[in-house]
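Inside the fold
Listed here are the chains, written in short residue letters.
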Amino acid sequence: MATFVDQVRELGLKQATIAKADEAVERLTAGMNVNDLRDMLRGEEPRRPNPRLRPHADGFWLHIRPSFYHTEVTHIYPTFRLGWLSTFMFVWETITGIFLMIFYTPSPDAAYSDIWNILGNVPLGQLMRNLHRFGAEVMVVVVALHMLRTFVTGSYKQPRQFTWVTGMVLLVLTLILSFSGYLLPWDQLAYWAVTVAVSAAEATPGPPALGENINLLLRGAPTIGAGGLLRFYLLHVLALPLLLAIFFFVHYYKVVIHGHSLPPGREAIGEDTAKRVPRDERTYFLPDIATSELMWTALTVLFLVAGSIWFYNAPLERQANPLVTPLHVVAPWYLAWSQGWLKLADKVFIAFIFIPGLATAFFLMPYFEVGKSRRYADRRVGLSVAMLFIALMWISNWMGSPEYRVQSSPDQEVAQELLPQEGHSALKEVPYAYLEPGTYGPFDAEDAPNPFLAAALEEFGHAMQQRSCSLNGDGPFERCRVIEQGDDVRYGNSFTNDAMPNPQAQLIIDDYQENMRRLVLVFSAPDPRNPESSLYSYTRTGYRHELSNYEEERRILQ
Amino acid sequence: MQTKIIIGTIAFMLTMIVLGFVALNEPARLEAFSNAYEGRSIENGAEIFANNCATCHGINGRAEQCFDAAGNEIGCVGRPLNAVDLLCGTKPPRLVAMDWGGAKYDFIEGTVAAGRPWAGMPTWGQQFGGPLQNNEVRDVTLFVLNWESETLCGGEAVEGPVWPSQVSELPAGDPENGAAVYQVPYGCNACHGLVEDESTANGPGPWLGVLAEEADERIEGYTAADYIYESILLPNAHIAPECLTGGQPGPCAEPSTMLANFGERMTEQDMADVISYILGTTEFESNVEVQYPEGAVAPPVEE
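Residues numbered from 1 in each chain as written. Chains lettered and ligands numbered in written order. Predicted model: local features only at pLDDT ≥ 70, side-chain atom pairs only at ≥ 80, totals over all residues.

1. A look at the overall build of chain A
Convention followed: Here a helix means four or more residues in a row that DSSP labels H or I, a strand means two or more in a row labelled E, and each is numbered from the N terminus. We compute the radius of gyration over the C-alpha atoms and compare it with the globule rule, which gives 2.2 Å times the number of residues raised to the power 0.38. Residues with at least 20 other C-beta atoms within 10 Å of their own are called buried, those with 12 or fewer are called exposed, and the rest are partly exposed. The C-beta atoms themselves are positioned from the backbone. By the convention adopted here, residues are in contact when the distance between their C-beta atoms, placed from the backbone, does not exceed 7 Å.
Each helix and strand counted, chain A has 18 helices and ten strands in total. Here the C-alpha radius of gyration of chain A, 30 Å, is well above what a compact globule of 558 residues would show, namely 24 Å. In terms of principal-axis extent, the alpha carbons of chain A reach across some 105 × 60 × 50 Å. A total of 558 residues make up chain A; the buried ones form 32% of that total. Sequence-distant contacts, at least 24 apart, represent 65% of the contacts inside chain A between residues at least 6 apart.

The structure is reproduced here in structure tokens:
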């Protein structure tokens, strides 16, 4: 073996350096030199023996990737790239998550202010948090769609049953991973959503000690506190990603072993030709699949970045407070179906019979759905059941959504719409300078001193119309429907059975401190049967500081 | 493949451009957000204050008008917080009076968290057995500090109230009105009980029913009215010999824990009415001159 000095003597410094660089590139790519790379990018045919196969044989990164695919599975249909996209989202969440970890302490004393520190002190911190949270929701969608696609094209059938099982594990892990991150900001939204979800464990059938202990295991104490936060944190950053990575490799190994199933119409019924790819139908990983994946990476990153800037804002409510339960606690949308189901039947039945039963059915489905044909025309029953199931989930999700929630009294509901304890509303988003002190009625939008306040008053009028009625049918409200329930009389309109008859409502804005205004909503409705007493009477006060910045929160770019 | 490379490159460049614009706008956004956290803390503090503190300190923090849960006006037993001597300057008089070495923020946060049990202020912080989390104590503290403003502290000395140097110059007192204002709005009964009923006096102030008999003997040369007049305006001028402490008679605290702001809050007529309620006479004699400092609530001079 000639040393570099010998080579310089023989070839001259320039040629020797070029040769050395070429050698380095060949080592880094595990088999391709500079010329091979250049040929590949120019779209030229490889030389013989094909150097583009060597990274698969000798390199670490590509050894798990097949060196060629059946051309039929490299188009958008049938995979829609959803499996690759799921993997990408996991990597994406890991990277953005590590960034957030740097600025986060899993302790009730520090977690919440750490998030504010990320928002207000860390350059690009808000973007990074939005990317992570938006990414988590996108990942849930992508993984669910990947499962749907696998079902629709029948790719779970023999020999890929076990791939489906590991895929189901990955779906469940994705949901738990997403939800375990929910608690970490330690705000009211997080705290109460998780408290409600974990309380399902109390309903564990069997001796009460069992449910209590499961609960204790999850919460780390009778209520979620420092211990519970630390547990959820460790689950989120350590245990679940590790499990997910393990199952990912099992899943992907199975995918490679069996090959991507061809579109159902492309092979004879009962045959699986994915691993017998004729020479002329091969699409090689290098360069075609690799460039395609790079393109999708770039497009997905663009989508996530743009989405996190213009369309998505990770919410942050007030700091968690075990003594204050917000009016409406909701699960994240991807778990809203479970909240919807809990309204239909007993907690024990839903949480310990129905959902586990359904999950088991999903896991085992490929082992008892053994029809040979993957073609759509032969699977009408299966596909119809799938569509019905999607419809069921859609409706359940709606039933679990805030729109379908248990209503409190109409005055409180209107107050909640305008001055919610947490989250956004038209009134909260009026910039401070436009909150002109004064007294406003719900139908004063036209006379409002500025368009911001006009928009908020319009909401006020709209909310009042939904929750009010008029006893003699005139004025801005619908005529009351009188509903007698024994001795009690309620008044309804077409929207609700519990409306305020002939209500008085006002919004009073006044200066409280030099840079803070007070927003007071006052409702009163006299009892029509006894005008001395009032049926509804309620006051809600909200405060608005000059610097609170609710109106800007949703926009990073202006 | 070439198309894919081009699409990918364009997407990558667009991402970089968008990120570049975000980065350009980032300093302004960061500032808006660090302020937003403070603004929202103050809002939260305002809510906690209205629910917990306003009963004793008044919704405007001036200890002028206080309401119980049912909406009835009651005497304010707390000290004014929206006040020059607490909020203005780096070392406001109230901190100096307690030899407080730290900042205003720490003073208020400490007082809210630990309370002043000897003066009737409960502990609020959870670490001392109260109901509020650390962050809520912080929010209330920021809210109280937010009363500091140009208007309040102004820079120029605020004109303090001027009181006649002799109690005999007060208008004639009305004991019935005195009995009313003794409770609302001044809340004297919270510490001293009612003059006509000793069992209502549960401390930390002494029962005042004895004064009609004893007041003229307490300090040599003082008439009964002189003694009471000066004690209301300047609580530290005389310390009464015996107070109830935890239901047991004992020496009164020195310096006095009585609020020193009645000179700012009371009108001359109310003062006369309260004295006449305590003494049972409508006209007052005087032997001494009371030196109520002018400009008593002037902001402290910055060092």
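2. Quick notes on the overall build of chain B
For chain B, the count of helices and strands is twelve helices and four strands. Its C-alpha atoms give chain B a radius of gyration of 27 Å, clearly above 19 Å, the size a compact globule of 303 residues would have. Along the longest, intermediate and shortest principal axes, the C-alpha atoms of chain B span 105 × 40 × 35 Å. For chain B, with 303 residues in total, the buried portion stands at 38%.

3. Remarks on the sheet that holds strand β8 (residues 504-513) of chain A
Residues and elements named next belong to chain A. For the record, the criterion: Any two strands with at least two DSSP-identified bridges between them are counted as paired. Axes here mean lines fitted to C-alpha atoms, for a helix over just the part in contact, with angles spanning 0 to 180 degrees between N-to-C directions.
What the four strands build is an open sheet, ordered β3-β8-β9-β10; its pairing is antiparallel. Strands with a single pairing partner mark the edges of an open sheet, and in this sheet they are β3 (438-440) and β10 (530-545). Between one strand axis and the next, the sheet turns through 20° on average, direction left out of account. Pairing between β8 and strand β9 (residues 516-527): nine bridges, direction antiparallel. Paired with Q506 across the two strands is V522, which belongs to β9.

4. Considering helix α8 (residues 125-152) of chain A
Filter applied, for reference: Multiplying 1.5 Å by the helix residue count minus one yields the expected span of that helix.
For α8(A), spanning 28 residues, the distance from its first C-alpha to its last is 40 Å, which sits close to the expected 40 Å at 1.5 Å a residue. Just past α8(A), the residue G154(A) takes up positive phi, approximately 65°.

5. Looking at the interface of chain A and chain B
Here is the rule we go by: Each residue is assigned to one of three groups, with Ala, Val, Leu, Ile, Met, Phe, Trp, Tyr, Cys and Pro labelled nonpolar, Asp, Glu, Lys and Arg labelled charged, and all others, Gly among them, labelled polar.
The partner chain B presents 42 residues to the 42 residues of chain A that form the contact. Contributions of two or more residues to the side of chain A that touches chain B are made by α7 (111-120), α8, α13 (285-311) and β10 of chain A. The element best represented in the side of chain A that touches chain B is α13(A), accounting for 13 residues. Here the side of chain A that touches chain B is composed, by residue class, of 22 nonpolar, 13 polar and seven charged.

6. A few points about the environment of L173(A)
All names here are of chain A. Tracing the chain through its elements places L173 in helix α9 (residues 161-182). Separated by 68 residues in sequence, L173 and P241 have C-alpha atoms that sit 8.4 Å apart. Non-local contacts of L173, meaning those with residues more than four positions away in its chain, are made with L240, L243, L244 and F247.

7. Some points on the nonpolar core
Rule in force here: One nonpolar core equals one set of buried Ala, Val, Leu, Ile, Met, Phe, Trp, Tyr and Cys residues connected by C-beta atoms within 7 Å.
Grouped together as the largest cluster of nonpolar side chains are 59 residues, with contacts concentrated most on M89(A), W186(A), A190(A), A193(A) and V194(A). Beyond its immediate chain neighbours, meaning those up to four positions away, W186(A) contacts P108(A), A111(A), Y112(A), Y191(A), L229(A), Q319(A) and A320(A). Ranked by size, the runner-up nonpolar core spans 31 residues in total, among them W163(B), A224(B), Y227(B) and V274(B).

8. Digging into the pairing of β10(A)
Residues and elements named next belong to chain A. Pairing analysis gives twelve bridges linking β9 to β10, with the strands arranged antiparallel. Paired with A525 across the strands is Y536, a residue of β10. Hairpin connection of β9 to β10: two residues between the antiparallel strands.

9. Structural notes on the packing of helix α17 (residues 410-418) of chain A against helix α18 (residues 451-467) of chain A
All names here are of chain A. Heads up, the rule is: Here roughly perpendicular refers to angles of 65 to 115 degrees, roughly parallel to angles under 35, roughly antiparallel to angles over 145, and oblique to all remaining angles. Note on convention: near helix rotated counterclockwise from far helix by under a right angle means a left-handed crossing. Clockwise means right-handed.
Following both chains from N to C, one finds α17 and α18 inclined at 155°, their axes separated by 10 Å at the closest point. Judged by the angle between their axes, α17 and α18 are roughly antiparallel. Both α17 and α18 take part in a crossing whose hand is right-handed. Where α17 approaches α18, its residues P410, E413, V414, E417 and L418 are matched on the opposing element by E459, F460, A463, M464 and R467.

10. A closer look at unusual backbone geometry
Residues and elements named next belong to chain A. Of note, the bond from R48 into P49 is cis; its omega dihedral lies within 30 degrees of zero at -5°. Mapped onto the elements, P49 comes out in the loop between α3 (34-42) and α4 (54-58). Residues Y77 and P78 are joined by a peptide bond in cis, for which omega reads 10°. Examined against the element boundaries, P78 turns out to sit in helix α5 (residues 76-79). In this model, W186 sits at a positive phi of 60°, which is unusual for a non-glycine residue.

11. Some remarks on the confidence of the model for chain A
Quick note on the threshold: How sure the predictor is of each residue is captured by pLDDT, a score from 0 to 100.
When pLDDT is averaged along chain A, the result is 90, and 99% of the positions lie at 70 or above. Averaged over each element, pLDDT in chain A is lowest for helix α11 (residues 208-219) of chain A (83) and highest for helix α6 (residues 82-102) of chain A (96).

12. Some remarks on the packing of helix α4 (residues 104-114) of chain B against helix α5 (residues 134-145) of chain B
All names here are of chain B. Running from N to C, α4 and α5 cross one another at 130°; their axes reach a closest spacing of 9 Å. As summarised for this structure, α4 and α5 are arranged oblique, according to the angle between their axes. Like other packed secondary-structure pairs, α4 and α5 cross with a definite hand, here right-handed. Residue-level contacts link K104, Y105, I108, E109, V112 and A113 of α4 to V137, R138, V140, T141, V144 and L145 of α5. For the contact of α4 with α5, a count of residues per class yields eight nonpolar, one polar and three charged.

13. Brief notes about the environment of Y292(B)
All names here are of chain B. Turning to its location among the elements, Y292 is positioned in the segment after α12 (268-279). Using a count of 17 C-beta atoms within 10 Å as the deciding quantity, one classes Y292 as partly exposed. Separated by 29 residues in sequence, Y292 and G263 place their C-alpha atoms 8.3 Å apart. Dropping the residues within four chain positions of it, Y292 is found in contact with W163, L233, L234 and G263.

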